[in-house]
Each structure stands twice: as structure tokens, then as C-alpha cells.
Amino acid sequence: MQTFRNLSIRKKLAIINTGVNALALLLAGGGFFAYELVTSRSTMSKDLLTLAEMVGTHIAPTLALADRKDAQVTLSMLSVNEHILAAVLYDSAGQPFASYARPGVNALAEAPLRAPGLYFDQGDFDLAREVLVDGKRIGSLSLCSDMHVLYARLELYAAMVAGMLLISTALAFFLSARLQRVISRPISHLAAIARRVATRDYSVRAVKESDDELGALIDGFNEMMGQIAERDQALQEGHDQLEDRVHERTRELTHEISWRKRTEEDLAKACDAALDSSRLKSEFLANMSHEIRTPMNAILGMTGILLDTELTAEQREFAETVHSSGDILLTILNDILDFSKIESGKLTMEVIDFELSDVVDGVIDLLAERAAKKQFELAAFVAPDVPNHLRGDPGRLRQVLVNLLANGIKFTDRGEVILTIVKESETDEEVVLHCAVRDTGIGISEEAQRRLFQPFMQADGSTTRKYGGTGLGLAICKVLVHMMGGTIGVQGAPRQGSTFWFTVRLEKQIAPQVAESPPAHPLEGIRLLIVDDNETNRNILHHQAAKWRARADRAVSGREGLSMLRHAQAAGDPYRIAVIDMHMPEMDGLMLAEAIKSDPAIAATALVMLTSLVNRDTETIRAAGVAVQLSKPVKESQLLSCLVRAMRTDGEGGELDARTAPAPQRTGGEGIVGRVLVVEDNAVNQRVAVLMLRGLGCRADVAANGLEALAALERRAYGLVFMDCQMPEMDGYQATREIRRREGDTRHTSIVAMTAHALEGEREKCLEAGMDDYLSKPIKKQGVADVLARWIASPAAGESAAAPPEQALDPTALESLRGSDADPSGVLDIVHVYLEETPSLLSQLGEAVDARDAGAASRTAHALTGSSDQVGAAGFASRCREIEGFAGSGEWDAIEGSLEQLNDQFEPLREEMQALSRRIRAEAAPHGL
Ligand code: ADP
């Protein structure tokens, strides 16, 4: 079947036609043949019946008469019928009576006795019938006819049918082979065309030969091809257009890309230029700051030193004016620098751990003197719930506070300036603080308030003339406050004072080292009386005392205080401490103290006196029985330690000064001695630094640049190096790197940068170069003292084997010799004698050593030990003690080594002692001694 399906249409058509034709003929022939068979047989049987009837009729009488002969004659007449093979007449008993048979045929076998009927049998056709006479059966007749004729005719028919079938099939095949072309050719043609279409030749068309379905099919095909060709062309055109467009676009893009590249290059160049110019700008800023600060350094440093010398009142006034003008100039300079940093986007915020109390105390400390000069109250109050351990930029916070407080002090003549810090909101990580600076000064009109916080804006034109200033401070504060996530504002009215407030968002330290409120406080439950006429001060002190869980009460005057003290005593719950303000109307602090101490009932009360920095008479106050004196403005940490100390001293006289009391690092500068190297190219700055260091009891050598510094450090070790950053030949950074390289891991000389660069990142740059600390120019005596305290006394310096701090002279020894005696001449005499005698003792010792005279060496060394111990030359004394020891055991080499060191040490010691005596003399001078 599959094979048939795959045949060509032509063959299929031929086979189908021929097959159908043959089948039709076969059916027709078969029908015809069957019909012939049936009709022949029927005719034959009719003929035989008729014959049997005739023979029966004729033969009946012969049988009835038993005339066998006649019967035989009758039967033999049957020979005329060529089909009859045999005939037998049976009598009534069934016995053959007469018979006929063709030659060679057995009559009885062919025509046996049978019941009447027709029988087809093995190619024969038999018939049996009864012979009747008068309706009575007298015998029967059997006839046998052969069927050859019939079969011969049928064979002929079959042959004819077969012949016709053959001929007609051949004819049909021949004709269909010819005629099927009418159908198959157009189809094959279409198929061939379709094959060409498959090769994308859409131009071919089929040829139509007829208008029948095939013609319609070809028409449809051609039309379809036409459409395909059209579409193909449109497609091709579209494709061509697209290609054109792509070409064009590519050209445009290439153009654009090269244009962009050019622009990018231009931009990069412009960017480089901009960066260059911005770098130049910041370099200019740095240089300008350096250039201005260097002479400022000289002015401030030198006037500072000048003020330390003996001056006439007029000279002192001049020098003080120069100094304060320099300070103002420096503030303005700092403001301008800050402002330019803001302008150039260089201002960045640090995020470091700090204590809020340190910032507040530092600010108060800084401004205390200014406030004291104007004789009004300056105080700070930090609400108890404000967290102390914070993270942020303490420097910037301090700057804003200093600015606002300094303005408050500047624009206030009487009354008070109070800083209040309260908590605005708090989360686990952050706290928002609300800081307010309230003053009782000139105030600002509403209209002027609107203009504030903009660069170079002052409340009115007369401000500058009267108070000075640039109008930059508040603008800078605003930026800083914004950078700290807060806002800033002002309230107030003319002549009613102003309140400048701001908020800051600060992180809380993750793990504060110290608990926010220690569980058991030394002042807990202690009864305390605050006597102050100033309400704000009274309230702040009361708040602070409450924070420490003391039981504090307030009195507004000396008189009230006294009666409260007496009352409490009488009630059996006396006050342990009284905090008294020195300056009060009517009964002042001194009078109150005297009154308390002269009343035995309440004399046991420990007294803390709040004094102002100026005009205080320490001695008188102490004489009045005051345990501790405290300079205003009062810092919280200080107050606490004073109160604790007052409780402990319980009436013993003592003094605690805001400048010297609880912060040990502030005392560090005084009396610290050691050899220090100042690396600085500017001659004036060299002198300023050296003089300051000498004033602080240090011996200083000078190197003019990095190379000289390296050479100096090769020659000897220094306890500390002050390193300028910008220097010719080799700058400070290079020099530091080289020093660190040479030291390796074995040594570490402390190096402190001294730089005029006020730019952000400068400190990091110094630390990165290997420096340990940073001092901004112009250097101030306190700053230098702090640095000395930090580095010379620090373990780092102590550990440094090659650079032992040269504690040649302990000034306290001489101070103690001086004792409470204000007259320094005795001490100065001792120094004088020691310095006169020591060189001759040293030469005597040298001679004894040369002569290997152990006894003389030991004696001289002993004498030197004693006198050196006396004046506090501890290092010198211990070396002498060494020699004394070595002399006993005769170790002359060791003695010689020690003697050499002793000789080396004497010169610095002499200088230090002379510096100390100068200082002692200078201190005595203002008192007119
Ligand atoms: P400067 O004080 O250097 O002029 P500021 O920006 O700090 O610059 O202040 C701008 C102006 O705001 C001041 O000139 C002054 O007119 C006014 N001002 C600032 N603080 C106060 C204050 N506490 N009381 C009155 N006026 C003030």
C-alpha cells in the first residue's frame, strides 16, 4: 500500500483505470456466465421433461401389454437426441423392462431406478418419472442426459470473457496512459514549479491548460506566487533600506563615539585642571595658613615670653594688648580658614569616642578667664540623664560651644552666661542633645535674628566697631551643627539677653568604660548647703549635688546660710559641707566662713569656697578656715573631687585651683626636664620654641631641617622631638620616616609634629609618617606643657632604652626648700653655691681618679652626692653614688665612664638650675619682692 502511495500520479492513474476496467469486465462476464448456466440448465430440464412425457405416453401401452419389443423400439427412437446417454423402463416391480444406451454406455448404471424427480449428478442430468395408465402406476422411466453441450458452451463463454477482459484491459491501460496525462501533466508541472520555488525562485509561474479544478488550482498557485514575489520584493526592499539605515546609524554612531571620546578627553583634562586648581587652592590655603601662622606664632610666643619677664606696668599693658590682639587675629584667621574649608567642601567630621563632660569642662576652662575679667557668672549645667560616653567629633562640638559661649561673654556686660545641655531624645544607639547658651547681654532684635547665621552678617553695623568680629562664627556653627545632624537657632530681644540653641545627634558608645552612674557614690546621703546669691548658679550646683545623690539645700545669702547651718545642727542633722560663693552682697563668702569657724557648734562644717580667677587672696581665704578653694566657673568633675576632698580634709586648710587641681596632665609642663630637639627652619619660631621649652624646664637643641635632625639624633638621644612639617632640604614627614626606619623595632623616640597647616587630614598625615602627636601652630605654652607631660613622662618614653628622659632636676626639691616662704633669696643662694662649688668638686674627683686615690675619690663623690640630692639633681646624685660604690671596690674603668657622664651632665643641669632660679625670681617679682 505504501509503495502504491509513493507511486507517481501518472502510474496511480493508469493502475486505477486499468484495475477498475478489469473489475467491471470481470463482474459483467461473471454475471453473464452465471446467467447462462442457470438458463441452460433450466432449458435442458424442460426439454428432458417434455421428452420423458412424450416417451412415457408412448410407452405406457407397451408396458401395459408387456410388449417388450415395441417398448424397445420406442426407446431406441431416443437415439435421435444426441444428449440422451441412456434410458431404462422399469415395470411395476422395478425390474428393467426395456432399455436404451449409447454405445459404450451402461444403461442401468447411468439410469438406475429412482424416485420420480430431477437429478444433477457428476456431469450427468438424470430424470425419473412414473408410467401411468388410467392414473395407475404400472412402472417407471429413468433417463440420463449428458451435459457436455452445456459445458462446451460455458467454456466458450469463459474464453470469450477472458479474451474480452484481456483486450479491454490492454485497451484501458493504453487509453488511460494517454488520457491521464490531461490530469497528471498539470500536476507534475505544478510539482516541478513548486520545486523551483523551494530554491527561492518566486518568478516561476505554472502554465494553465484547462479551466477545470486544476486550472483553478494553477490560477490560485500563480496568484499566491505573485503575492509571495511581491512580499519578497518588499522584504528585500525593507531589508535593503534597513541595511542602509544600519550603515547610516553606524556611521553616525562612530561619529558620535569619536565625538564623545574627544569630549571625554576634554572633560578629563578639565577635571584634571579643576583638581589641580582645587589642590592649588587647598595648598594655597595651607600655605597661607602657614605663612600667617608663622609670624603669629612669633608674635604670640614672644609676647607670652615677654610677659613672663620683669616689665613696667606700662610695658606689660602694651605687651598684653599685643598678645590679646594676636589672639583675636588668630581667632579670625581660624574662622576664615574654617570658612574656606566649608566653601571648598574640605570640612569633614570625625567619629571618635569622647566624654561629654570633658568637652564641657574644656570649654568652660577655656573661657573662664574671659568671663572672670568681666566679673559675671559663667556656668554649665548638664542634665543628669544626658549620657556622658558619646561618639562624634568632640573638636567640632567644642568649637560650636566655644563660639556661642564666647559670643555670650562678648556681648554681655553683667549678669550671667549659662550653658545648659539637656536630652531631647534617645534611642539605643543615639542621643539628640539640646544645647542652649543663655546670656543676659545686649540681645538681638527680631529683624537682626533673621539675618544671623549667614556669612559676614552682624546684628548691626555698630557691632564690629564696638566688639570686633567678622560675622563668620555663627555661619560656621550652622554648618557644623548641620553636619552633626542638628539645627541651630536664637531667641531673645534687645536688652533682654539672647539664647542661642542648637541640637546635635551623637552616637552612644557601645561599651562605656565607666558605668554612667556608679552604684555607690561618695557623696550619697551627705548633707550639703549651697550658699550663693546667683540663682542660676545655685540651681546648677543643686542639680549637680542631686546627681551625686547628696542631700543639698540652698541659701540665697550668707545670713540665711548661717542660720540654716545652725538650725540643722540644732536639729541633729548638721551639714557636712558648705559650698559658699565668695562674692555676695552684704555678707560675703569670707565673712560667712569666718562666722562659721568662730561658732563652735558649726565649725566642723567643711567649707568649699567658690572664687573668681581674678582678685583672689588665697592666703586670707585659707586663713578663714576654708578647706578647698574652687575657681569659677565650676566644672562638674572638679566640683565632685573638691567636695570629696573637702570631706576628707575636714577642716584642714588646703587649696584646689581650677588650673592645677584634678587634671594631672595640666601640671605636667611645669618642672619637667629633659633634652628636647626642636626641628624648625624658621629662626623666630626656633627661638620661641626653645624659650618656651626652657621656661618649662627642658633643655632644647635646634635643628634647621630634617637632615640636621637626623645628624643630631645620630649624635645623641632625645627624650622628645618637636618636628616642623614644612622645611627645606628634608621635610618633617621624610625626616620622621627616616628616623623610624633607622630605629627599627629597638627604639622609639617620641616625635610631635608642629605644623601651621590647619587643614583636615593633616593630623592623619603626621601620624601616618610615624609621628606620635600633633601640635598646631602658633604653639602655646600650655599646649607644649601638655605635650611634654604626655610624652616625656609617658611610659613609652621611659621604656625607650636609648632615649631616657633626662630628669636632671626635680624642681620640687628646691620648691620645698623654699617652703611657704615667699622670699626666694635663700633658695637662690643655695643654687648659686651649688653651681659654684660643683665644678671644683668635679675637678677634684677627676684628679683623685687620675691618681687612682680611692679614698679621695670616694669622699669627693660622697660630698657631691649630698649636695646634689639637696638641690634635687637626682640623676647627678645617683651617678655620684655609683662612683662612691665603684671607688670602694676599685673599679676604675667604671668610675671613669661614670665620671665622663657626670661631666657631660653638669652643663645641662647648670642650665636647668639657672632656668629654675629665673622662674623663681620671676614668680616672686609681681609680688614686689
Ligand atoms: P562675630 O561675633 O565674629 O561678629 P558671629 O557670627 O559669631 O560673628 O556673630 C554674628 C553677629 O551676631 C554678631 O556680630 C552679633 O551682632 C550677633 N550676636 C552673636 N551672638 C550674640 C549674643 N550672644 N548677643 C548679641 N548679639 C550676638
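For the structure itself, consult the block above.
Residues numbered from 1 in each chain as written. Predicted model: local features only at pLDDT ≥ 70, side-chain atom pairs only at ≥ 80, totals over all residues. Heavy atoms only, no water.

Visitor: Would you mind going over the overall build of the protein in detail, with residue names and values included?
Guide: Within the protein one finds 30 helices and 22 strands. Counting all 929 residues of the protein, 44% fall into the buried class. In the protein, the proportion of contacts linking residues at least 24 apart, taken out of those at least 6 apart, comes to 67%. Just so you have it, the protein exposes about 47900 Å², and 56% of that area is on carbon and sulfur atoms. (Helix = DSSP H or I, 4+ residues; strand = E, 2+ residues; numbered from the N terminus. Buried < 20%, exposed > 50% of the residue type's maximum accessible area, 1.4 Å probe, protein only. Contact = heavy atoms within 4.5 Å. Areas by Shrake-Rupley, 256 points an atom, 1.4 Å probe, with all protein chains shown as cover.)

Visitor: A description of a negative patch on the surface should follow, citing residues and the corresponding values.
Guide: A contiguous patch of negative charge on the surface is contributed by E237, D240, E243, D244 and E248. Summarising the element assignment, E248 is placed in helix α7 (residues 213-308). (Patch = residues over 30% accessible without salt bridge, like charges linked within 9 Å, V, L, I, M, F, W, Y side chains within 5 Å. Salt bridge = Lys/Arg side-chain N within 4 Å of Asp/Glu carboxyl O. Lys, Arg positive; Asp, Glu negative; His and termini not counted. Charge placed at Lys NZ, Arg CZ, Asp CG, Glu CD.)

Visitor: A description of the sheet that holds strand β2 (residues 96-101) should follow, citing residues and the corresponding values.
Guide: Within the open sheet, the five strands sit side by side as β2-β1-β5-β4-β3. Their pairing is antiparallel. Strands with a single pairing partner mark the edges of an open sheet, and in this sheet they are β2 and β3 (117-121). Neighbour-to-neighbour, the strand axes of this sheet turn through a mean angle of 15 degrees, independent of strand direction. Alignment of β3 against strand β4 (residues 124-133), held across five bridges, turns out to be antiparallel. What sits directly across from F120, in β4, is F125. (Pairing = 2+ DSSP bridges. Axes fitted to C-alpha atoms, helices over the stretch in contact; angles between N-to-C directions.)

Visitor: I'd love a proper account of the nonpolar core, names of residues and values included.
Guide: Ranked by size, the top nonpolar core spans 54 residues in total, and within it L356, L397, L405, L419, L433 and F502 carry the most contacts. Tallying contributions element by element places helix α10 (residues 394-410) first for this core, with eight residues. Those residues in contact with F502 that sit more than four places away from it in its chain are L397, V400, L401, L404, L433, H434, C435, V481, T487 and I488. In terms of nonpolar packing, the next biggest core, distinct from the first, is built from 31 residues, Y834, L841, L909 and M913 among them. (Core = buried A, V, L, I, M, F, W, Y, C linked by side-chain atoms within 4.5 Å.)

Visitor: I'd like a rundown of the packing of aromatic side chains, residues and numbers included.
Guide: Using the criterion set out here, one finds four aromatic pairs in the structure. Between F453 and F500, the aromatic rings sit 6.2 Å apart at their centres with planes inclined by 70 degrees, giving edge-to-face as the arrangement. One end of the pair, F453, is in the loop between α11 (446-451) and α12 (462-467); the other, F500, is in strand β12 (residues 498-508), and 47 residues separate them in sequence. With respect to class, F453 is no different from F500; both count as buried. For the pair F876 and F906, a centre-to-centre distance of 6.0 Å together with 55 degrees between the ring planes defines the contact as tilted. Here F876, found in helix α29 (residues 874-889), pairs with F906, found in helix α30 (residues 892-924); they are 30 residues apart in sequence, far enough to count as distant. The same class applies to F876 as to F906, namely buried. Over the aromatic face of F120 sits the side chain of R41, whose NZ or CZ is 3.9 Å from the ring centroid. Its guanidinium or amino end placed over the ring of Y575, R527 lies 4.4 Å from that ring's centre, counting from NZ or CZ. (Phe/Tyr/Trp six-rings, centres within 6.5 Å; stacked < 30°, edge-to-face > 60°. Lys NZ or Arg CZ within 6 Å of the ring centre and 35° of its normal.)

Visitor: So, the site of the ligand: which residues are in play, and what are the values?
Guide: Neighbouring the ligand are 21 residues, the closest being N407, D439, Q458, A459 and L474. Separating an oxygen atom of the ligand from a side-chain N or O atom of K410 is a distance of 3.1 Å. The contact in question runs from an oxygen atom of the ligand to an N or O atom on the backbone of G473, over 3.2 Å. Taking 530 Å² as the accessible area of the ligand by itself, protein coverage stands at 97%. Every element with two or more residues in the shell around the ligand is listed here: α10, α13 (473-483) and β12. No other element matches α10, which puts three residues into the shell around the ligand. Residue composition of the shell around the ligand, grouped by class: nine nonpolar, ten polar and two charged. (Near = heavy atom within 4 Å. Polar contact = N/O pair within 3.5 Å; in protein donor to acceptor, adjacent residues only side chain to side chain. Nonpolar A, V, L, I, M, F, W, Y, C, P; charged D, E, K, R; others polar.)

Visitor: So, helix α16 (residues 589-598): which residues are in play, and what are the values?
Guide: Regarding α16, the residues found buried are G589, L590, L592, A593, A595 and I596. The inward-facing, buried residues of α16 abut β13 (527-531), α15 (558-570), β15 (577-581), β16 (606-611) and α17 (618-623).

Visitor: Give a detailed account of the pairing of strand β21 (residues 750-755), specifying residues and quantitative values.
Guide: Of all the six residues making up β21, six are buried; the element is thus mostly covered by neighbouring parts of the structure. Alternating residues of β21 divide into S750, V752 and M754 and I751, A753 and T755, and every residue in both groups is buried. Two elements, β21 and strand β22 (residues 773-776), share four bridges in a ladder whose sense is parallel. If you follow A753 over to β22, its bridge partner there is Y774.

Visitor: How would you sum up the environment of Q454? Please name residues and give values.
Guide: Mapped onto the secondary structure, Q454 falls in the loop between α11 and α12. In the structure, Q454 is positioned 17 residues away from G471 in sequence and 7.9 Å away in space, judged by C-alpha atoms. Each residue touching Q454, except ones within four places of it in the same chain, is listed here: G471 and A475.

Visitor: Quick rundown of the sheet that holds β15? Include the residues and the values.
Guide: Read across the sheet, five strands follow the order β14-β13-β15-β16-β17 without closing on themselves; strand pairing throughout is parallel. At either margin of the open sheet sits one strand with a lone partner, and together these are β14 (551-555) and β17 (628-631). Strand-to-strand twist across the sheet, computed as the mean angle between neighbouring axes with direction ignored, equals 20 degrees. Note that β13 and β14 share five bridges and pair parallel. Across the sheet, residue R527 finds its bridge partner in β14, namely R551. On the sheet, helix α14 (residues 535-547) packs against β13, β14, β15 and β16 and is oriented at approximately 170 degrees with respect to β14. Relative to β16, α16 is tilted by about 170 degrees, and along the sheet it contacts β13, β15 and β16.

Visitor: Outline a nonpolar patch on the surface, supporting the account with residue identities and numerical values.
Guide: A surface patch of nonpolar side chains, about 400 Å² in accessible area, is lined by L171, F174, L175 and L179. With respect to the helices, strands and loops of the structure, L175 is situated in helix α5 (residues 148-179). The exposure class assigned to L175 is partly exposed, which follows from its relative accessible area of 41%.

Visitor: An account of the packing of α5 against helix α6 (residues 181-198) is needed here, citing residue identities and associated values.
Guide: At a minimum axis distance of 6 Å, the contact between α5 and α6 shows a crossing angle of 40 degrees. One way to sum up the angle between α5 and α6 is to call them oblique. Taking contact as the criterion, the partners of A177, R178 and L179 in α5 are, on α6, R181, V182 and I183. Among the residues making up the contact of α5 with α6, the classes are represented as four nonpolar, no polar and two charged. (Parallel < 35°, antiparallel > 145°, perpendicular 65-115°, else oblique.)

None of this, on its own, says anything about what the molecule does.
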